[in-house]
Amino acid sequence: MSDGVKKLRAAVIGLGVGEQHIKGYEQHPSCEVVALCDMDEAKLKEVGTRHPGLRLETDPNTILEDPSIDVVSIATYDDVHYEQIMSALNHGKQVFAEKPLVQTREHAQDIRATLRAHPELRLSSNLILRQSPRFLSVKKLCEEGVLGELIYMEADYESGRLHKITDGWRGKIDGYSGVFGGGVHVIDLLLWITGDDVVEVSAYGNAIASRGSGFQNNDQVVSLLKFKSGLIGKVVVSLGCVSPHFHPMNVFGTKATFRNTRECGLLVTSRDEQDAHERIMAPYPGVPKGVLIPNFIDSILGRAEPLVSEDDIFRAMAVCFAIETSHREGRPVTIQRI
Ligand SMILES: NC(=O)c1ccc[n+]([C@@H]2O[C@H](COP(=O)([O-])OP(=O)(O)OC[C@H]3O[C@@H](n4cnc5c(N)ncnc54)[C@H](O)[C@@H]3O)[C@@H](O)[C@H]2O)c1
């Protein structure tokens, strides 16, 4: 492609975090961004000014139905991801979708079936924390056996951005879920680090922090996870906590413990409180939002395995759907693969 053959032509729909996708595409020599879309004309113009020379559209269908566009980023509100992803796939496009992929299990199943019917198409999602140097270092510690056999893992999504559900679009769309929108990041981390499967979840939630705001779902959810191997875990999603945005993580193994702190990771190898812990200075989060995109392009071109595969996305979403059912219905839920 870069050697004289046509480059892949990409477009980005939704220009909040989507603006950061542009750089990801531009970093790949076999890809060029040709169009941007946002239904908000002022936003479209503003972003278009920062990226001159691109076609600007307010109607996503003009992009989704355009046969000259090969790859599309879907970075719109969660409740339109499904229809836009399906339209893109049905028009033969490769799709890089923001998380959460969709909001219902049925929609996820439809997308999976469409992908199975079109093996030439690729789908990935922006589960960005996998590229955080801090979490890459935890995965390595686990793979090298430094932690021993894993006993227990917890990873939390502390949003620290209550205003996003009390004032922004997240509180206004149908079915917004902090588990889908934020929890998916740390659920994906647990699945990716362990290579294990979650088989059952049990979750509780409340909506104390957003009470009176009109937000329709729980803003605080705690989930217990049972893994296939016998490992157990916990995920907290807190949209209302009074604390800056952060992803706490503790991994207990038979030989050592990993803890994520704001300042550094800690490798704890002793039960003696006099002993010092090893500090892991790998940056956290330390990743720009478009960082997965060059690999996505390579995966389309058959030059690399995707860092976030279709199976990874559906595995994480299946756990999210089970957690959402569990805290809403107050019962343990067995994971149904998608
Ligand atoms: N991967 C990450 O770390 C990460 C971070 C932030 C947001 N996100 C996800 O990205 C998506 C967008 O969130 P955001 O924070 O960028 O929101 P945002 O409000 O900053 O930007 C979204 C943009 O999409 C536009 N838009 C919405 N629906 C549209 C439609 N149907 N057609 C055309 N334009 C449309 C809006 O006008 C807006 O400009 C969400 O799904 C969110 O969960 C992911």
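Note that the coordinates shown come from a computational prediction; the quantities given were computed from them, not determined experimentally.

Student: Hey, could you go over the environment of Y25 for me, with residue numbers and the actual values?
Tutor: Relative to the elements of secondary structure, Y25 occurs in helix α1 (residues 19-26). A relative accessible area of 0% means that Y25 is categorised as buried. Here the alpha-carbon distance between Y25 and A10, two residues 15 residues apart in the chain, equals 7.4 Å. In this structure, Y25 is in contact with A10, V12, C31, V33, V71, V72, S73, F96, I293 and I297, ignoring residues within four places of it in sequence.

Student: I'd like a rundown of helix α10 (residues 310-329), residues and numbers included.
Tutor: Here α10 is 20 residues long and its end C-alpha atoms lie 28 Å apart, about the 28 Å a rise of 1.5 Å per residue gives. In terms of burial, α10 is largely enclosed, as 16 of its 20 residues are buried. With its phi angle positive at about 65°, G330 sits one or two positions after the end of α10.

Student: Go over the UniProt feature "domain: Gfo/Idh/MocA-like oxidoreductase N-terminal" (unreviewed entry) in the protein chain, please, and point to the residues and values.
Tutor: According to UniProt, the "domain: Gfo/Idh/MocA-like oxidoreductase N-terminal" (unreviewed entry) feature falls on residues 8-118. In this annotation, residues 8-118 is assigned 41% helix and 22% strand; the end-to-end C-alpha distance for the span is 18 Å.

Student: Give me the lowdown on the sheet that holds strand β2 (residues 31-37), citing residues and values where you can.
Tutor: Read across the open sheet, the 6 strands follow the order β3-β2-β1-β4-β5-β6; overall the sheet is parallel. Bordering the open sheet on either side are β3 (55-57) and β6 (123-125), each of which pairs with just one other strand. Between one strand and the next, the sheet's axes are offset by a mean angle of 25°, whatever the strand orientation. For strand β1 (residues 8-13) and β2, the ladder comprises 6 bridges, and the chain directions are parallel. In the sheet register, R9 faces β2, and the bridge partner there is E32.

Student: Outline the domain arrangement of the protein chain, supporting the account with residue identities and numerical values.
Tutor: Structurally, the protein chain comprises domain 1 (8-128) and domain 2 (129-289 + 317-334). In this structure, domain 1 and domain 2 have C-alpha centres spaced 27 Å apart. Domain 1 puts 16 residues into the contact, and the matching count from domain 2 is 19 residues. In this assembly, domain 1 and domain 2 are joined by 0 salt bridges. Residues belonging to the side of domain 1 that touches domain 2 are distributed by class as follows: 8 nonpolar, 4 polar and 4 charged.

Student: Which residues make up the pattern of salt bridges, and what are the values?
Tutor: Applying the stated rule across the entire model yields 18 salt bridges. As a salt-bridge pair, D197 and R315 come within 2.6 Å of each other at their nearest N and O atoms. Taken together, the positions of D197 in the loop between α8 (178-194) and β8 (198-206) and R315 in helix α10 put the pair 118 residues apart, joining distant regions of the chain. Considered together, D197 and R315 belong to a single accessibility category, that of buried residues. A single salt-bridge network, built from bridges that share partners, covers R112, D197, D311, R315 and R337.

Student: Pulling in residues and values, what's your account of the layout of surface pockets?
Tutor: Here the largest pocket is characterised by a volume of approximately 1,000 Å³. Lining the largest pocket are 44 residues, and of these V17, K99, K164, W169 and R170 sit closest to its centre. Among the secondary structure elements, those contributing two or more residues to the lining of the largest pocket are α4 (81-90), α7 (163-166) and α8. Both domains that meet at the lining of the largest pocket, namely domain 1 (8-128) and domain 2 (129-289 + 317-334), each give it at least three residues. Estimates place the volume of the second largest pocket at around 250 Å³. Considering the residues around the second largest pocket, the lining is formed by 17 residues, among which R105, F180, F321, E324 and T325 are closest to the centre. Elements with a minimum of two residues in the lining of the second largest pocket: α5 (105-117), α10 and β15 (333-334). Here the element with the most residues in the lining of the second largest pocket is α10; it accounts for 6 residues. Broken down by class, the residue content of the lining of the second largest pocket amounts to 6 nonpolar, 6 polar and 5 charged. Among the domains, domain 1 (8-128) and domain 2 (129-289 + 317-334) are the pair contributing at least three residues each to the lining of the second largest pocket.

Student: Please provide a residue-by-residue account of the pairing of strand β11 (residues 249-253), values included.
Tutor: Among the 5 residues in β11, 4 count as buried, and that is most of the element. Bridge count between strand β7 (residues 150-158) and β11: 5 bridges; the pairing is antiparallel. In the strand pairing of β11, E154 is matched with N250. As defined by bridge partners, β11 adjoins strand β12 (residues 257-260) across 4 bridges and the pair is classed as antiparallel. Bridge assignment links V251 to a residue of β12, and that residue is F258. Linking two consecutive strands that pair antiparallel, namely β11 and β12, is a turn of 3 residues.

Student: Describe the site of the ligand, with residues and values.
Tutor: The ligand sits among 24 residues. The nearest are V17, D38, D78, E98 and K99. Contacts to the ligand include E98, whose side-chain N or O atom sits 2.9 Å from a nitrogen atom. In this structure, N126 approaches the ligand through a main-chain N or O atom, which is 3.2 Å from a nitrogen atom. One can see that the ligand is located within the largest pocket.

Cut-offs applied
Residues numbered from 1 in each chain as written. Predicted model: local features only at pLDDT ≥ 70, side-chain atom pairs only at ≥ 80, totals over all residues. Heavy atoms only, no water. Helix = DSSP H or I, 4+ residues; strand = E, 2+ residues; numbered from the N terminus. Buried < 20%, exposed > 50% of the residue type's maximum accessible area, 1.4 Å probe, protein only. Contact = heavy atoms within 4.5 Å. Expected span 1.5 Å × (residues − 1). UniProt positions renumbered as here; feature names shortened; annotations may be inferred. Pairing = 2+ DSSP bridges. Axes fitted to C-alpha atoms, helices over the stretch in contact; angles between N-to-C directions. Domains from an automatic or database assignment. Salt bridge = Lys/Arg side-chain N within 4 Å of Asp/Glu carboxyl O. Nonpolar A, V, L, I, M, F, W, Y, C, P; charged D, E, K, R; others polar. 1 Å grid on protein atoms, 1.4 Å probe; cavity = no way out; pocket = protein on both sides within 12 Å on 5 of 7 lines; lining within 4 Å. Points joined across faces, edges and corners; volume = space filled by probe spheres on them. Near = heavy atom within 4 Å. Polar contact = N/O pair within 3.5 Å; in protein donor to acceptor, adjacent residues only side chain to side chain. Sits in = over half its atoms within 2 Å of the grid points.

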